[in-house]
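Chains, contacts and geometry: an overview
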Amino acid sequence: MDSASLKYAKQMDSKDVLHKYREEFYLLPQIYMDGNSLGLLSKRAEKTLLDSLQDWKELGIEGWTKGRQPWYYFSEKLGSLLAPLVGASAEEVMVTGSTTVNLHQLAATFYQPSGKKTKILADELTFPSDLYALQSQLSLKGFNPETHLVCVKSRDGRFLNEEDIIEAMTDDIALIVLPTILYRSGQILDMKRLTEEAHRRGILIGFDGCHSVGAIPHSFSDWDVDFAYWCNYKHLNGGPGSVGGLFVNKKHFGKKAGLAGWFGSRKDKQFDMEHTLTQAPDAGAYQIGTPHVLSIAPILGSLEMFNEAGIEAIRQKSLQLTQYLMELIDIELSDYHFYIGSPREDAQRGGHISLEHKEAARICKSLKEFGIVPDFRAPNIIRLAPVALYSTFEEVWKVVQILKDIMKEKHYEKFPNEREVVA
Ligand SMILES: *Cc1c(COP(=O)(O)O)cnc(C)c1O
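Residues numbered from 1 in each chain as written. Predicted model: local features only at pLDDT ≥ 70, side-chain atom pairs only at ≥ 80, totals over all residues. Heavy atoms only, no water.

- The name recorded for the protein in an unreviewed UniProt entry is Kynureninase, from Peribacillus deserti.
- What the UniProt record of the protein gives under Subunit (unreviewed entry) is the line "Homodimer."
- Recorded in UniProt for the protein, the comment headed Cofactor (unreviewed entry) runs: "pyridoxal 5'-phosphate". (UniProt positions renumbered as here; feature names shortened; annotations may be inferred.)

**Observations concerning a nonpolar patch on the surface**
- Taken together, the side chains of Leu50, Leu53, Trp56 and Leu294 present a nonpolar region at the surface, about 380 Å² in accessible area.
- Broken down by element, the residue count for the nonpolar patch peaks at 3 residues, all from helix H2 (residues 43-59).
- Here Leu50 shows up in helix H2. (Patch = residues over 30% accessible without salt bridge, like charges linked within 9 Å, V, L, I, M, F, W, Y side chains within 5 Å. Areas by Shrake-Rupley, 256 points an atom, 1.4 Å probe, with all protein chains shown as cover. Salt bridge = Lys/Arg side-chain N within 4 Å of Asp/Glu carboxyl O. Helix = DSSP H or I, 4+ residues; strand = E, 2+ residues; numbered from the N terminus.)

**Side note on the site of the ligand**
- In the vicinity of the ligand, the residues found are Ser98, Thr99, Thr100, Phe127, Asp130, Asp208, Cys210, His211, Tyr233 and Lys234.
- Between Tyr233 and the ligand, the recorded distance is 2.6 Å, taken from a side-chain N or O atom to an oxygen atom.
- Between an oxygen atom of the ligand and a side-chain N or O atom of Lys234, the distance comes to 2.4 Å.
- For the ligand, whose unbound accessible area comes to 390 Å², protein coverage reaches 85%.
- Taken together, the residues of the shell around the ligand break down into 3 nonpolar, 4 polar and 3 charged. (Near = heavy atom within 4 Å. Polar contact = N/O pair within 3.5 Å; in protein donor to acceptor, adjacent residues only side chain to side chain. Nonpolar A, V, L, I, M, F, W, Y, C, P; charged D, E, K, R; others polar.)

What follows is the structure, encoded as structure tokens:
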């Protein structure tokens, strides 16, 4: 059947084994293509949030131990549910902090300059917050970020080449921090290979999983990654500002937390209130303060759904959706100077498509006017994320039809080509 036809899209939807999950979400009137920035609310996430609110209402302080999900063990509980999604054992994963705070914690813990090894290796395409955090960690240890933060260059402004990263693993590098998936192009880095190469040179390596957790399977333990951190509000649908996650390889258990706080205590010792910290024996040691219970609670319902659906099935459908989107763009938009800045190969492509156009900012505004929610990344990228649990092939088809109409009729020309305050 002609893949450009609506009939084909409908047929793909009728074969979709995950279709029932769509009904579990509060869908917007618009077609939502922005689940890689803020995932939608599901009924299960809403329920676990309301459960914790109800516990507060009915139990007050007793919610810490007697809540439906006792708040005192919430971070550990969620860590165990997240572990299968990142390929780790339960005690290696903790839901705590935020992406940037967790990077601060992990860099404070794992960046231990000594002798010749004093530099941190990152890349020029990484998310700016990560660079800011690494710069300040260098300053705190007395090094100049301008000389000591080494950023691998991209050859084309879209992708990183693993060869270039490996070449930059020189003997003055103490720590490497890289994204699992690049936030613009959606390229997946070869984490297994990079970890092997780093370790061969005596360098520790950690990954920012913001764009991969909930979108693709991982094997952090098997790959022997030293640490990782991510947010739970993008593909994991934990809600705006929901608490983040971290992974610490069990071979590092017992390593002193760079930023200590009482929630890093062994749980049974915490309320002894001693002035000397007895660290938790697992990834719990890298928590700092009291968990943000109301920003943690929705993650419980969301993770139950992910584990039930299975990350392999989610990845399978996500690949089909992004493949289909690229195919339709090739067929329908060839006259309008778009460029697909995402990897074509399944193994290298994450959960979103980066569509480049010099008028991208105002094309995005026009898409919103026509009922589609994309996002824009300066200077010229429209990111489109059809999400496995709630997007359909029919929606992908419609997005491309509407985009074609916007280009053909030049609807975008009535907007200025500038980004909004929040893009
Ligand atoms: C979204 C995102 C962040 C955001 O960090 P927060 O601390 O949650 O604000 C960081 N890194 C990457 C790669 C991201 O995509």
